[in-house]
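# Observations on chain architecture
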Amino acid sequence: MLAQKDLISHLIGVPASASTEAFHGAVCDKLGRDQGKMEVLKWFGMLSSALPQADSVLEAVTKHLEAKLHFVPGSFGRAAAIHCSLS
């Protein structure tokens with residue numbers, strides 16, 4: 001199973017063996033030091049959890065987000081707030 005950290009490390013050019021602090025610092029740099037965006041990535045579990053088994057990276061990320069973003073009555077407001085913060 002591929003860890004989110006391994007995937008993101010590869011995408012931003014940071015060694016997968018980097019410490020958690022160095023990894024988070026590099027991600028934050030890529031996001032322009034925007035703490036709001038960092039919090040969104042953390043909430044989505046994009047900085048620590050493992051990706052589900054899949055045939056492609058895109059499919060694995062999609063499965064991960066589907067599990068995290070399942071619809072619950074009354075949850076639309078939170079999803080809209082998250083969407084706005086990503087814009």
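Everything below is about the structure shown above.
Residues numbered from 1 in each chain as written. Predicted model: local features only at pLDDT ≥ 70, side-chain atom pairs only at ≥ 80, totals over all residues. Heavy atoms only, no water.

Notably, Arg33 is not glycine yet its phi reads approximately 60°, a positive angle. Mapped onto the elements of the fold, Arg33 is located in the loop between helix H2 (20-30) and helix H3 (35-43). (Helix = DSSP H or I, 4+ residues; strand = E, 2+ residues; numbered from the N terminus.)

Turning our attention to the pattern of salt bridges. Applying the stated criterion across every chain yields a total of three salt bridges. A salt bridge links Lys42 to Glu39; the shortest N-O distance between them is 3.9 Å. With Lys42 and Glu39 both in helix H3 and three residues apart, the pair spans about one turn of that helix. Look at Lys42 and you get partly exposed, because its relative accessible area is 39%. Given a relative accessible area of 44%, Glu39 falls into the partly exposed group. (Salt bridge = Lys/Arg side-chain N within 4 Å of Asp/Glu carboxyl O. Buried < 20%, exposed > 50% of the residue type's maximum accessible area, 1.4 Å probe, protein only.)

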